[in-house]
There are 2 protein chains.
Amino acid sequence: MRMIDLIAKKRDGLPLEKEEIDFIIKGFTCGEIPDYQMSSLLMAIYFNKMNEEETINLTMSMRDSGDILDLSSIKGIKVDKHSTGGVGDKTTLVLMPMVAALNIPCAKMSGRGLGHTGGTIDKMESIPGFTTSLSLDEFTKQVNEIGLAITGQTGNLAPADKKIYALRDASATVENISLIASSIMSKKLASGADAICLDVKVGSGAFMKTMEDATKLAKLMVKIGNSLNKKTIAVISEMDEPLGMAVGNSLEIIEVIEALKGRGPKDLMELVMCLGTQMCKCAGLNKSDNEIKRMLEESIANGSALNKFREFLNAQDGNVDVINDYSILPTAKSKYEVKSVKEGCIKHIKADVIGHASMILGGGREKKEDSIDFGVGVVLNKKRGDYCKKGELLATVYVNDEKNKEQALSEVLSAFTIVNHEVLKESMIKKIIE
Amino acid sequence: MRMIDLIAKKRDGLPLEKEEIDFIIKGFTCGEIPDYQMSSLLMAIYFNKMNEEETINLTMSMRDSGDILDLSSIKGIKVDKHSTGGVGDKTTLVLMPMVAALNIPCAKMSGRGLGHTGGTIDKMESIPGFTTSLSLDEFTKQVNEIGLAITGQTGNLAPADKKIYALRDASATVENISLIASSIMSKKLASGADAICLDVKVGSGAFMKTMEDATKLAKLMVKIGNSLNKKTIAVISEMDEPLGMAVGNSLEIIEVIEALKGRGPKDLMELVMCLGTQMCKCAGLNKSDNEIKRMLEESIANGSALNKFREFLNAQDGNVDVINDYSILPTAKSKYEVKSVKEGCIKHIKADVIGHASMILGGGREKKEDSIDFGVGVVLNKKRGDYCKKGELLATVYVNDEKNKEQALSEVLSAFTIVNHEVLKESMIKKIIE
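For every chain, the first residue of the written sequence is number 1, and numbering continues from 1 along that sequence. Chain letters and ligand numbers both follow the written order, the letters beginning at A and the numbers at 1. Reporting in this predicted model follows two pLDDT cut-offs: at least 70 for local features of residues, and 80 or more for side-chain atom pairs to be given and counted; totals over whole chains, interfaces and linings ignore these cut-offs and use all residues. Calculated side-chain values reflect all of the structure's heavy atoms, with hydrogen atoms and water omitted.

## Regarding the pairing of strand β8 (residues 344-349) of chain A
Residue and element names in this part refer to chain A.
Inference 1: Each residue is placed in one exposure class: buried if its accessible area under a 1.4 Å probe, protein chains only, is under 20% of its type's maximum, exposed if it is over 50%, and partly exposed if it falls in between. Segments assigned H or I by DSSP are reported as helices when at least four residues long, segments assigned E as strands when at least two residues long, and all are numbered from the N terminus. Within β8, five of the six residues are buried, which leaves the element mostly enclosed by the surrounding structure.
Inference 2: Bridge count between β8 and strand β10 (residues 387-388): two bridges; the pairing is antiparallel. When the sheet's bridge partners are listed, Cys 345 is paired in β10 with Tyr 387.
Inference 3: Strands were regarded as paired on the criterion that DSSP finds at least two bridges between them. In terms of strand pairing, β8 meets strand β12 (residues 416-419) through four bridges, oriented antiparallel. Among the inter-strand pairings, Ile 349 is bridged to a residue of β12, identified as Phe 416.

Next up, the structure:
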């Protein structure tokens, strides 16, 4: 088999066989197939697409390119959760203690973030003492003991995906649904959970801008997961404005704890309830959606979810006092108010613009090597559909380094679109695909 | 400007501007743009094509990536000739002495060959003593003195093309008309001639299989040449069977000398006359096609073309005795006859199969580093349209190393298609584009 013939085959619109895809992924991972051949194949895939069978085979090849974690020592059905990424998305940290409070094991491996804010791991690290580098043994032991652990990626999971992703990023071949789906699913499949619950974001602040694209991606990932014997469900949720009110690491941790205390923003809680219900179903909880939803609400009302969060902090060496004293968290030196320059109804808050403002203040990474300033970020005071007067507070911006302050403030203001007619608040949840 | 944005632009079907193409070619030539970005751009070009303006700009950028030869010290209008490559193509070596005999300066820079047989340079090197590495000074001086010189490439011409071609070859992006045209024309434009006469081959033994593709390529190259102020003409000629009777280096030199003595095969001479006429017109000879043709025929009949060939051999240190004694040339140890296994009319002789047989006997290079066995090859005894009896001689195969003999013999036999009805001999010349 020769790589050049396989590039020509895909270029000419023919599907690649399983053995051909294996040859490509193995050869590329070990360095026998050079970057320049892989990038021309990726561009040919961009144009000629991959069918479902090819995409499933590609996912398997990438999954098998490195370690596959064995979580069988954890009792019960382990459900993993993955989001395609959005601004202000702290869902995992509210959701997992609630689900764990219902005695469903939550074993989550999470990445660091590039862009607006850190990933889940970065957010947790804003809590003093909290450790996110558990060994596989510590990880499984903790899930068995308290039902919940979140760690940074352990082991060498899907190295082929890592190498291919870097190349796609540099060769303008990111935007292909088969490549996106196989990239996400190969890592999820390698990290050893029994079932996978996916949160596919759609809208101007998400990678998938239209319902059509988001639906295609969600269906394809569900198909891949189920084909490879992992129960998989996808929720398509809206990402047209930031999720919740807070964007930034410490600021989001405060919102998480508030949510566990029963004071979460409406949109965040709607998404948490929906994903929680699907996770419980994936884990085999044999009840109706309404019953599960009631149980999840009860976990907030009776304090068992907050209690689970406390156990979780304690197990991973985080300072549990944070639950009652937010001043323990890293904070920003100054805060600035962004006020409305006109009266009307908020039609839109550009999530990517708010995310960018947070990033340039130091809240997110532009490059992998960048460090994160946990204290900075943006807290919205208004959401879509809200009415505001001229001069009324739209958002508060938390700043440490004044260098990019002016730019951040003007970006935050520019993110708001205010109109002089009423704007309906819509449901966060667009579709559930299983 | 960022390469990633330019890849995405072409991927999305937008034309690239002149400055963008310059940025890409400069960056790639000096190594700032990595192979993997260039190959993904090339694949995007494969799918989304380039328009005429982009192709002309690409050609200029590649021409300007290295030396541009100054042949202004050569008196008169210098015409270069280029063939897109065919099996048994020794046209240049018959044509140039004829044109030079009419006092039109022929300054030809030629490459070595990959494939069936060597290039023009390799063929000439089968003549004992002949040197093909003239300095630019020697080259121009010789053209001024005797009107004819052929040398291997001198200077660093179009290095961008060399680098891009290697990448195209490894990334399945050779087959794009803009990339083919700009590759050929950038080198021709850098080598300093005043006018360019192109021989575009079409047919099963050529790179362009159909008249449609060959016409597109020819038109595009003529457009590029004329746009950049070099008078350019293209002849589209057939390459469905080998050109002439001989395929192999010494064997083709014998055919060249025989042709200059007035005993050239019909198809070869038809092409030589046509290209010769166009070259003379490019060089400004102000006569009708018929008059030019008569003058060229006269150069054979009166011995002036053969005489020019003798001067040319002498000037480049070749043994001129070869003209009357072919035994001076490297010869093969053994020759084998391939005979017809049935009676009928020759419908087709697969040029690429005959070429491959010659190559595996050592007559051509598979890799750049391979050396050439000048003596080996194939001499046809029949051409398309000829009648043959069962057992009649189809071809003679000249062999030194017996290793691939059997394969070569069976390939030569398999190249012939014999049918039991009459086959018309068609004209070699399909179209002239100017």
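Here the narrative resumes, following the displayed structure.
## Points about the sheet that holds β12 of chain A
Whether parallel or antiparallel, the strands of a sheet pair through hydrogen bonds between backbone atoms.
Inference 1: Read across the sheet, three strands follow the order β10-β8-β12 (chain A) without closing on themselves; strand pairing throughout is antiparallel. Two strands bound the open sheet, and with one partner strand each, they are β10 and β12 of chain A.

## A few points about unusual backbone geometry
Inference 1: Phi at Ala 172 of chain A takes a positive value of approximately 60°, unusual for a residue other than glycine.
Inference 2: With respect to the helices and strands, Ala 172 of chain A occurs in the loop between α8 (159-170) and α9 (177-190).

## Points about the packing of helix α8 (residues 159-170) of chain B against helix α9 (residues 177-190) of chain B
Each pair of packed helices can be summarised by the angle the axes make with each other and by the distance between the axes.
All names here are of chain B.
Inference 1: Axis separation between α8 and α9 bottoms out at 10 Å; the angle between their running directions is 150°. When the interaxial angle is binned, α8 and α9 end up roughly antiparallel. Handedness of the crossing formed by α8 with α9: left-handed. Across the interface between the two elements, Asp 161, Tyr 165 and Arg 168 from α8 touch Leu 179, Ile 180, Ser 183, Ser 186 and Lys 187 from α9. In this description, a line fitted to the C-alpha atoms serves as the axis of each element, helices being fitted only across the stretch in contact, and the angle between N-to-C directions of two axes falls anywhere from 0 to 180 degrees. With respect to orientation, any angle under 35 degrees is reported as roughly parallel, any angle over 145 as roughly antiparallel, any angle of 65 to 115 as roughly perpendicular, and every other angle as oblique. Whether a crossing is left-handed or right-handed is set by the direction in which the near helix is turned from the far one by less than a right angle, anticlockwise for left-handed and clockwise for right-handed. Between two residues, a contact is recorded if the distance between any of their heavy atoms is within 4.5 Å.

## Overview of the pairing of strand β5 (residues 231-238) of chain B
All names here are of chain B.
Inference 1: Burial runs high along β5: seven of the eight residues are buried.
Inference 2: Where strand β4 (residues 195-202) and β5 come together, eight bridges link them in parallel fashion. When the sheet's bridge partners are listed, Ile 196 is paired in β5 with Thr 232.
Inference 3: When the strands point away from the viewer and the path from the first strand over the helix to the second turns clockwise, the crossover is right-handed. Where the polypeptide runs from β4 across helix α10 (residues 211-227) and back to β5, its parallel neighbour, the crossover connection is right-handed.
Inference 4: Pairing geometry for β5 and strand β13 (residues 429-433), over four bridges, is antiparallel. Along β13, the bridge assignment pairs Val 235 with Ile 432.

## Thoughts on the interface of chain B and chain A
Inference 1: In this complex, chain B contributes 22 residues to the contact, which on the side of chain A involves 21 residues.
Inference 2: Buried area between chain B and chain A, summed over both chains or domains, comes out near 1,700 Å², and the portion from carbon and sulfur atoms is 68%.
Inference 3: If you sort the residues of chain B by the area they bury against chain A, Arg 11, Tyr 36 and Phe 47 of chain B come out on top, with a joint share of 36%.
Inference 4: Salt bridges are identified by distance alone: a Lys or Arg side-chain nitrogen within 4 Å of an Asp or Glu carboxyl oxygen. Applying the counting criterion to the chain B and chain A interface returns two salt bridges.
Inference 5: With a shortest N-O distance of 3.1 Å, Arg 11 of chain B and Glu 175 of chain A are connected by a salt bridge.
Inference 6: As used in this structure description, the phrase polar contact means that two N or O atoms lie within 3.5 Å; if the pair is within protein, one of them must be able to donate a hydrogen and the other to accept it, and residues adjacent in sequence are counted only when both atoms belong to side chains. Linking chain B to chain A there are 13 residue pairs in polar contact (both at pLDDT 80 or more). Accessible area that two parts lose when put together, with a 1.4 Å probe and added across both, is what the buried area reports.

## A closer look at the domain arrangement of chain A
Inference 1: What fixes the domain bounds is an automatic or database domain assignment. Domains assigned within chain A are domain 1 (3-48), domain 2 (79-323) and domain 3 (331-419).
Inference 2: The C-alpha centroid of domain 3 of chain A is placed 43 Å from the C-alpha centroid of domain 1 of chain A.

## What to know about the packing of helix α3 (residues 35-48) of chain A against helix α3 (residues 35-48) of chain B
Inference 1: Contact geometry for α3 of chain A and α3 of chain B: axes closest at 7 Å, N-to-C directions at 30°. The angle between α3 of chain A and α3 of chain B places the two elements in the roughly parallel class. Read as a crossing pair, α3 of chain A and α3 of chain B show a hand that is right-handed. For the pair formed by α3 of chain A and α3 of chain B, the contact residues are Asp 35, Tyr 36, Ser 39, Ser 40, Met 43, Ala 44, Phe 47 and Asn 48 of chain A on the first element and Asp 35, Tyr 36, Ser 39, Ser 40, Met 43, Ala 44, Phe 47 and Asn 48 of chain B on the second.
Inference 2: Class assignment of the residues belonging to the contact of α3 of chain A with α3 of chain B gives a composition of eight nonpolar, six polar and two charged. Under this grouping Gly is polar, as are all residues other than the nonpolar Ala, Val, Leu, Ile, Met, Phe, Trp, Tyr, Cys and Pro and the charged Asp, Glu, Lys and Arg.

## Remarks on the sheet that holds strand β13 (residues 429-433) of chain A
Residues and elements named next belong to chain A.
Inference 1: One open sheet accounts for four strands, arranged β1-β4-β5-β13; its pairing is mixed. The two strands at the open ends of the sheet, each matched to only one other strand, are β1 (79-83) and β13. Between one strand axis and the next, the sheet turns through 15° on average, direction left out of account.
Inference 2: Sitting on the sheet, helix α10 (residues 211-227) is in contact with β4 (195-202), β5 (231-238) and β13, with an inclination near 165° to β5.
Inference 3: Running over the sheet, helix α12 (residues 266-282) touches β1, β4, β5 and β13 and is turned about 155° from β4.

## A word on the packing of aromatic side chains
All names here are of chain A.
Inference 1: Aromatic pairs are defined between Phe, Tyr and Trp rings, using the six-membered ring for Trp, whenever the two ring centres lie within 6.5 Å; interplanar angles under 30 degrees are classed as stacked, those over 60 as edge-to-face, and all others as tilted. Counting across every chain of the model gives seven aromatic pairs over all chains.
Inference 2: An angle of 70° between the planes, with centres 5.4 Å apart, marks the rings of Phe 130 and Phe 312 as edge-to-face. You can see Phe 130 sitting in the loop between α6 (120-125) and α7 (136-146) and its partner Phe 312 sitting in helix α14 (residues 304-315), a full 182 residues away along the chain. For the pair Phe 130 and Phe 312, a shared accessibility class is recorded, and that class is buried.
Inference 3: Taking NZ or CZ as reference, Lys 163 lies 4.4 Å from the ring centre of Phe 28, over its face. A ring is scored as having a charge over it whenever the NZ atom of a lysine or the CZ atom of an arginine sits within 6 Å of its centre and within 35 degrees of its normal.

## Quick notes on the environment of Glu 258 of chain A
All names here are of chain A.
Inference 1: Positionally, Glu 258 belongs in helix α11 (residues 249-263).
Inference 2: The class of Glu 258 is buried, set by a relative accessible area of 19%.
Inference 3: Taking the C-alpha atoms as reference points, Glu 258 and Gln 37, separated by 221 residues in sequence, lie 51 Å from one another.
Inference 4: Non-local contacts of Glu 258, meaning those with residues more than four positions away in its chain, are made with Arg 263, Gly 264 and Tyr 326.
Inference 5: A polar side-chain atom of Glu 258 sits 2.7 Å from a polar atom in the side chain of Tyr 326.

## Overview of the pattern of salt bridges
Inference 1: Here the structure, examined in full by the defined rule, presents 66 salt bridges over all chains.
Inference 2: Of the charged contacts in the structure, one is a salt bridge between Glu 434 of chain B and Lys 231 of chain B, with a shortest N-O distance of 3.9 Å. One end of the pair, Glu 434 of chain B, is in the segment after β13; the other, Lys 231 of chain B, is in strand β5, and 203 residues separate them in sequence.
Inference 3: Each of Glu 238, Asp 240, Arg 384, Glu 426 and Lys 430 of chain A takes part in one network of salt bridges that share partners.

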